[in-house]
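For reference, the chains in residue letters:
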Amino acid sequence: MAEEELMFSMEEVGSLKDGPRNGCGHSRVSFEDANASDNEEDDLFICPITDYPMSPTKGSFDNLRNLPHNKQLSNSLPKNSFTYKDAWKHAIEKAKAMPDPWAEFHLEEMETERCTRYRYNAVTGEWAKDDIFIKISSQIFGKGAMRECYRAKKLSNFSHSSKWKSASNYVAKSYMETVDREVYFEDVKLQMEAKLWGEEFNRHRPPKQVDIMQMCVVEMTGRPGNPLFHLEHYIEGKYTKYNSNSGFVRDDNIRLTPQAFSHFSFERSGHQLIVVDIQGVGDLYTDPQIHTEKGTDFGDGNLGLRGMALFFHSHLCNKICKSMGLTRFDLSPAETAQLDSTNKLLQSARTVLRGCEELCGSPRVRTTSLGHMPPLLFRLAESSSMDETSETDSIPCSPLSMGIAVGRSPMGWSFMNEMNETHRANSDHKDSENGGDSGCPSERRSEGDPAEHHNQLTEEKWSFYHSSRSHIHRSSCVTMEVERLNSFVHERKIGKSILGKVHLAMVRYHEAGRFCEKDAPWDQDSAMYHMERAAMCGELEAIVSLGQCYLQLPHHILPEIELEASEENRRKGFRFLLQAAEAGDRPSMILVARAFDTGFNLSSDRTMDWKQAVHWYDCALKMTDYDEGGEFDGMQDEPRYLLLARLGEMYQEGGFNLSADPQRAGDLFTEAADAAMEAMKGRLASQYYMKAEEAYGMMEE
């Protein structure tokens, strides 16, 4: 189909921009035959041609150029009934007929203010700056926990200054408390990063497509102090909060897509992040939060591993999760029982699977490339494995890469689909002259023409980019995570699993009483369940604590739990301590050495073995710090001179599979005496020197 047949002319699209509309600038008209397979409430605009949900934001119609090929050539509407162009005309007429819900507030009578707008491109990590004209009401019409909202209108750069009545409705948000100016920009970066994950989710063909609102920062240069606002399109409709950044999941009028999207982001990112705090109208979301492994990005709302644990404690996989191949996060029987009411609600959800959902991480899903990976995704791809298999059945890439194919500027996602409103060359020249006096982030620009740069995207580069991300996906199931870790033949497996760290965070929440009623006893069985899962994933702290707990030794995690002193528990405990010793934990090395040395805490399936004891004493002596951070350094618990002296005694006496060696014993006693002198233990050093002489005397005999 020719592009001219598919799209309206710019004049026709412009007529929509200037005509009456709803609060978002477009009609949310839905067509019954365009989305018949899904009965969830439709809040996005459904394209009458392609059956492709579109955000009710300015530029949605322009985005039709960027739809994937399979969407552009959709046969969802019979071609012999009416032409595609007629369908769009019908949709536009409906959009133009809808009244402005904010007409009664007469925003067009407000003072026109010129301000500077900052938009973030999450794909390239760059900021763009231009000047726009807006009108902002002085009356607050809503507020959240941290920000308050004002009605606003923004005039299109292509519209005449007299057409304020037809300008798009926006919401301007500002923090109620004074915050650092950089916080506004970090919030935009967060939302645009989350938008990328929405695009990635959509590529896997879920029953309901999702989108995250475009947001930018505006600096009111005409006001004292140049205050900042967040600016985004007004979403008309029922606003719902589906989950929070601290584990809340809405349990009435339950929706499947928001929870599946959060779960998807966790697995598709290789556990390195999760998009939560899902809220908005239908599946058009705003103000999300991202939890990352380190917990250092995206402001104070990033709870890191703790936030991931909070989500999964309240998440029960639904049929969208299952259809997309997402795996169940391991929960204890008691925790699963607590979600029973949620399970009943899931059964009543109205979402109908289409049967064409792609599995998470499927090699058939091609990921968009613009020649640059998003900064966050680039870090993920660095740790991913490579897939050398060729892709013979690839799903067409996203709207962004389609922009490249037709030669348009591929700035779609994060530049609010309005880059055609600004004259980039002129604004760039002004920016270089002004030099960031406003205290806002400086702009980083790619050298050369962007279109020329993207035309250099060869098949070889594309193949490398896609294959590098094909297997970032990691399951939420511990069993599959263990299989992945076991594939590390010659690599260290300890501390390599973020999933293990999430389970350990779950342990701490149980211990702190987060998951129980006030004054009620916390669930010790569930805490031990997650401790064991963390240990299975190679989390050293969990392995050490389990070994100590099973052997009735003092332990700093779950110290209130005391297990039965049985032979089975003794065997389990010793195996855990041996695993921790092999992983490099010095206190565990000493405990294992003592067990082989004295038989104390040695399981019944093993016997005293001084040769093994010598091995582990030597390993402990060679460690000056726990490698990779020193988290479990125990040098002060067992002074060096005591271990050296014990080795000297064992070599002097011999036995239990160790041959006596007076020479070695004398050397060890001498070394112990020197270490004792350094530790200001003079009397003890004298004793060791005497024992050294005694050992050397045995050699002469």
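Residues numbered from 1 in each chain as written. Predicted model: local features only at pLDDT ≥ 70, side-chain atom pairs only at ≥ 80, totals over all residues. Heavy atoms only, no water.

1. Description of the nonpolar core
Consideration 1: One finds Phe574, Val592, Phe596, Trp616, Tyr617, Met650 and Tyr688 to be the most contacted residues of the largest nonpolar core, which totals 40 residues.
Consideration 2: Listed by contribution, the elements that provide at least two residues to this core are α20 (567-582), α21 (586-598), α22 (610-622), α23 (640-653), α24 (662-678) and α25 (682-700).
Consideration 3: Beyond its immediate sequence surroundings of up to four residues, Val592 is in contact with Phe574, Leu577, Leu578, Ala581 and Trp616. (Core = buried A, V, L, I, M, F, W, Y, C linked by side-chain atoms within 4.5 Å. Buried < 20%, exposed > 50% of the residue type's maximum accessible area, 1.4 Å probe, protein only. Helix = DSSP H or I, 4+ residues; strand = E, 2+ residues; numbered from the N terminus. Contact = heavy atoms within 4.5 Å.)

2. Some thoughts on the confidence of the model for the protein chain
Consideration 1: Averaged over all residues, the pLDDT of the protein chain equals 75, while 67% of them reach at least 70.
Consideration 2: Mean pLDDT per element in the protein chain: helix α1 (residues 3-6) is the minimum at 32, and strand β8 (residues 216-219) is the maximum at 97.
Consideration 3: For residues 369-373, every residue scores under 50 in pLDDT, and the model assigns this stretch 22 contacts once sequence neighbours within four places are set aside.
Consideration 4: Note that pLDDT drops below 50 for residues 442-470; the model gives that stretch 58 contacts with residues more than four away or on any other chain. (pLDDT = per-residue confidence, 0-100.)

3. Quick notes on helix α18 (residues 524-536)
Consideration 1: The terminal C-alpha atoms of α18 lie 18 Å apart, and with 13 residues this matches the ideal 18 Å at 1.5 Å per residue to within 8%.
Consideration 2: Along α18, the residues that are buried comprise Ser526, Ala527, Met528, Tyr529, His530, Met531, Arg533, Ala534 and Ala535.
Consideration 3: Regarding α18, its N-cap is Asp523, as a side-chain oxygen of that residue lies 3.2 Å from the backbone nitrogen of Asp525 further along.
Consideration 4: Looking one or two places after α18, you find Gly538, whose phi comes out positive at around 85 degrees. (Expected span 1.5 Å × (residues − 1). Polar contact = N/O pair within 3.5 Å; in protein donor to acceptor, adjacent residues only side chain to side chain.)

4. Concerning the packing of aromatic side chains
Within a pair of aromatic rings, the relevant descriptors are the distance that separates the centres and the angle that separates the planes.
Consideration 1: A full pass over the atoms with the stated rule returns 18 aromatic pairs.
Consideration 2: Centroid distance Trp102 to Phe141: 5.8 Å. Interplanar angle 70 degrees. Geometry classified as edge-to-face. Of this pair, Trp102 sits in the loop between α4 (84-97) and β3 (113-121) while Phe141 is found in strand β4 (residues 126-143), placing the two residues 39 residues apart along the sequence.
Consideration 3: Of the residues examined, Trp102 reaches a relative accessible area of 3% and is grouped as buried.
Consideration 4: By relative accessible area, which is 31% here, Phe141 ends up partly exposed.
Consideration 5: A centroid spacing of 5.2 Å and a plane angle of 90 degrees characterise the contact between Tyr175 and Tyr184, whose relative ring orientation is edge-to-face. (Phe/Tyr/Trp six-rings, centres within 6.5 Å; stacked < 30°, edge-to-face > 60°.)

5. Section: the layout of surface pockets
Consideration 1: The space that makes up the largest pocket amounts to roughly 1,000 Å³.
Consideration 2: Forming the boundary of the largest pocket are 37 residues, of which Met146, Arg147, Tyr175, Gln279 and Asp287 lie nearest the centre.
Consideration 3: The set of elements that each furnish at least two residues to the lining of the largest pocket consists of β4, β5 (147-155), β6 (168-175), α5 (181-203), β9 (228-233), β10 (239-241) and β12 (279-281).
Consideration 4: Tallying contributions element by element places α5 first for the lining of the largest pocket, with five residues.
Consideration 5: A breakdown of the residues in the lining of the largest pocket according to their chemical character gives 16 nonpolar, 11 polar and 10 charged. (1 Å grid on protein atoms, 1.4 Å probe; cavity = no way out; pocket = protein on both sides within 12 Å on 5 of 7 lines; lining within 4 Å. Points joined across faces, edges and corners; volume = space filled by probe spheres on them. Nonpolar A, V, L, I, M, F, W, Y, C, P; charged D, E, K, R; others polar.)

6. Section: the sheet that holds strand β13 (residues 284-285)
Consideration 1: Strands sit in the order β7-β13-β12-β10 across an open sheet of four strands; the sheet is mixed. One side of each edge strand has no neighbouring strand; the edge strands of this open sheet are β7 (211-212) and β10.
Consideration 2: With three bridges connecting them, β10 and β12 associate as antiparallel partners. Note that in β12 the partner of Tyr239 across the bridge is Val281. (Pairing = 2+ DSSP bridges.)

7. Examining the side chain of Asp187
Consideration 1: Residue placement: Asp187 occurs in helix α5.
Consideration 2: Of the side chains with opposite charge, Arg147 lies nearest to the buried Asp187, which makes no salt bridge, at 4.6 Å.
Consideration 3: Excluding residues that lie within four positions of it along the chain, Asp187 makes contacts with Tyr175, Met215 and His230. (Lys, Arg positive; Asp, Glu negative; His and termini not counted. Salt bridge = Lys/Arg side-chain N within 4 Å of Asp/Glu carboxyl O.)

8. Description of α23
The α-helix advances 3.6 residues per turn, and as a result positions three or four apart in sequence lie on the same side.
Consideration 1: Here α23 spans 20 Å end to end across 14 residues, near enough to the 20 Å set by a 1.5 Å rise per residue.
Consideration 2: Where α23 is concerned, the buried positions are Tyr641, Leu643, Leu644, Ala645, Leu647, Gly648, Met650, Tyr651 and Gln652.
Consideration 3: Phi for Gly654, located one or two positions after α23, is positive at around 75 degrees.

9. Let's talk about the environment of Asn657
Consideration 1: Relative to the helices and strands, Asn657 resides in the loop between α23 and α24.
Consideration 2: Judged by its relative accessible area of 56%, Asn657 is exposed.
Consideration 3: A C-alpha to C-alpha distance of 6.1 Å links Asn657 and Trp610, two positions 47 residues apart in sequence.
Consideration 4: Discounting residues that sit within four places of it in the chain, Asn657 has contacts with Asp609 and Lys611.

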